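# Descriptive structure summary
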Amino acid sequence: HVVIHPVEGLNITAGIRYTDDRKTYQFTRYNLNNGPANPAQGPLNNLPLQVYAGDRVDYRIGVDYRFSPEVMAYAQFSTGYKGGGVNAKPFVAIQAVPFNPESIDSWEAGLKTDLADNHVRLNLAGFYMKYKNIVLVNAAGYPGGCLPTAVPLCANPDPNYYPLSALPFNAGDANIKGLELEADIRPVGGLSITGSLSYLDFKYTKLAVAALASGISLKDYPPLTPKWKASGGIAYTFEMQNGATITPRVDIDYQSKTYSDPANNGFYPAGLPQDPQFANVNPYLIPGHTTVNARIAFTSADKNWQASVEVTNLTNQYYWTNNFAFYYSGTGQHVLAAPREWAVSIRRNF
């Protein structure tokens, strides 16, 4: 990592990283009480060691220039890498298959400012990324065919077919662009107003065969990736005559809808009778939601003690953070967010 200062206010940054990656996998499976594995899954215990090995060179170059003590602009290009591996949780032996590493090329530019005599801080950033060999895990079922164990439900079971369910695979490539805005405003003494807004546009440019078999389309988003996020907060510190302070604060957070599966609209496996409850319901949709948190804190004059009362999810918003559907049993689950909760805390600084 090197930083060069050729002229006043100008910085040029460069860095390089080398990664040598090796992972070894050994699989075993037992029933309860250390008994033998289920016969259909027993061969998993006899698998040879599975090995993934690879290396990678990544680099970064950036430039920033400070026009004044209050305004700085920057731009940078960097690459990134996430190592490949072998499916760590195969259901059957043939699922112990490798997946390739994913990589990204990222361009970013932005502006950081302290305005109005340091009463207003505004930061703006824009980015563009080329994402390659994206690694995803399909949770939608057994696409493209049927398992031999599901013969009663399959018209033409394929004895050589293995499920993609819960199997990491390289889905394809995508372009990502987005904007981020942050603000911290302190108009008068004691008053603080903060806010942030982010927008992310994700578009697949190429899909692998495994992605198409999983029901992924070019218009889908990766799991748990919202297009919009926003937050805001306001706090005011009241100073008492003895120097102690009381600070009430309220924060609001918003997140647009997301999906828990790479196939955003749900993917029903071929060959199985569809459960009626899934006919008009997307079991992988996580609706957008807004939450409110509130807190009031008392800080002693010497700053050594602080007592606070806080309430999270003040409006008792009902929403879930993840979900999953079991197509074969007609059941599913939501991972529910915590309801309204309150807490009292005392802190001592030493």
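Let me sum up the structure you'll find in this document. Please read these numbers as outputs of a predicted model, since none were measured by experiment. (Residues numbered from 1 in each chain as written. Predicted model: local features only at pLDDT ≥ 70, side-chain atom pairs only at ≥ 80, totals over all residues. Heavy atoms only, no water.)

### Side note on a nonpolar patch on the surface
Put simply, the rule is: Here the term patch refers to residues with relative accessible area over 30% and no salt bridge, with like charges joined within 9 Å and nonpolar side chains (Val, Leu, Ile, Met, Phe, Trp, Tyr) within 5 Å. Each accessible area value is a Shrake-Rupley result obtained with a 1.4 Å probe; residue values ignore everything except the protein chains displayed when judging cover. The working definition used for a salt bridge is a side-chain nitrogen of Lys or Arg within 4 Å of a carboxyl oxygen of Asp or Glu. Only runs of H or I of at least four residues qualify as helices and only runs of E of at least two qualify as strands under DSSP, and these elements are numbered from the N terminus. To sort residues, take the accessible area from a 1.4 Å probe on protein chains only and compare it with the maximum for the residue type: under 20% means buried, over 50% means exposed, and anything in between is partly exposed.
There is a patch of nonpolar side chains on the surface, built from Val188, Tyr236, Phe238, Met240, Ile246, Ile296, Phe298, Val309, Trp342 and Val344 and spanning about 940 Å² of accessible area. Put simply, the parts of the chain that give the nonpolar patch at least two residues each are β18 (289-299) and β22 (341-348). By the secondary structure assignment, valine 344 is in strand β22. Assessed through its relative accessible area of 57%, valine 344 is described here as exposed.

### Thoughts on the pattern of salt bridges
Under the criterion given, the structure shown has six salt bridges. We note a salt bridge from arginine 56 to aspartate 58, for which the minimum N-O separation is 2.8 Å. You can call arginine 56 partly exposed: its relative accessible area is 22%. Between aspartate 251 and arginine 249 there is a salt bridge, with the nearest N and O atoms lying 3.0 Å from each other. Using a relative accessible area of 21% as the deciding quantity, one classes aspartate 251 as partly exposed. When its relative accessible area of 28% is taken as the criterion, arginine 249 is described as partly exposed.

### Some thoughts on a positive patch on the surface
Selection criterion: In this tally, Lys and Arg are treated as positive and Asp and Glu as negative; His is ignored, and so are the chain termini. Here the site of a charge means NZ on Lys, CZ on Arg, CG on Asp, or CD on Glu.
On the surface, Lys177, Lys203, Lys227 and Lys257 cluster together into a patch of positive charge. Topologically, lysine 177 is positioned in strand β11 (residues 172-185).

### Topic: the nonpolar core
For the record, the criterion: By nonpolar core is meant a set of buried Ala, Val, Leu, Ile, Met, Phe, Trp, Tyr and Cys residues that side-chain atoms within 4.5 Å join together.
Formed by 16 residues in total, the largest nonpolar core has its most connected members in Ile134, Leu136, Phe202, Tyr204 and Ile216. When contributions to this core are tallied by element, the ones reaching two or more residues are β8 (120-132), β11 and β12 (191-207). Among the elements that line this core, the one with the most residues is β12, at three residues. Counting residues in hydrophobic clusters, the runner-up holds five residues, among them Tyr25, Phe27, Val86 and Ala96.

### Some details on the environment of threonine 79
Applicable threshold: The contact rule is simple, with two residues in contact once any of their heavy atoms fall within 4.5 Å. Definition of a polar contact: a pair of N or O atoms within 3.5 Å, with one able to donate and the other able to accept a hydrogen when the atoms are protein atoms, and with sequence-neighbouring residues admitted only if both atoms are side-chain atoms.
If you trace the backbone, threonine 79 turns up in strand β4 (residues 71-82). By relative accessible area, threonine 79 is classed as buried at 15%. A C-alpha to C-alpha distance of 6.5 Å links threonine 79 and arginine 60, two positions 19 residues apart in sequence. The contacts of threonine 79, once residues within four sequence positions are left out, are Arg56, Asp58, Tyr59, Ile104 and Asp105. Of the polar contacts made by the side chain of threonine 79, one reaches the side chain of aspartate 58; its length is 2.8 Å.

### Remarks on the side chain of aspartate 21
Take aspartate 21: it is sitting in strand β2 (residues 10-25). Look at aspartate 21 and you get buried, because its relative accessible area is 14%. Non-local contacts of aspartate 21, meaning those with residues more than four positions away in its chain, are made with Tyr52, Ala53, Gly54, Tyr81, Gly83 and Gly84.

### Observations regarding the environment of arginine 56
For arginine 56, the position within the fold is in strand β3 (residues 50-68). Put simply, arginine 56 and lysine 82 are 26 residues apart on the chain and 9.5 Å apart in space, counted from C-alpha to C-alpha. With near-sequence residues (within four places) excluded, arginine 56 lies in contact with Arg17, Tyr18, Thr19, Thr79, Gly80, Tyr81, Ser103 and Ile104.

### Focus: the pairing of β12
This is how it is decided: Following DSSP output, two strands are said to pair if at least two bridges run between them.
One ladder, built from 14 bridges, connects β11 with β12; its direction is antiparallel. Across the sheet, residue glutamate 182 finds its bridge partner in β12, namely serine 196. In this structure, the hairpin formed by β11 and β12 is closed by a connection of five residues, where glycine 190 is found at a positive phi of approximately 90°. For β12 and strand β13 (residues 228-236), the ladder comprises nine bridges, and the chain directions are antiparallel. Bridging from a neighbouring strand, threonine 194 pairs with glycine 233 of β13.

### Quick notes on the pairing of β11
As judged from the 12 bridges shared by β8 and β11, these two strands associate in the antiparallel manner. When the bridges of β11 are listed, phenylalanine 127 appears paired with glycine 178.

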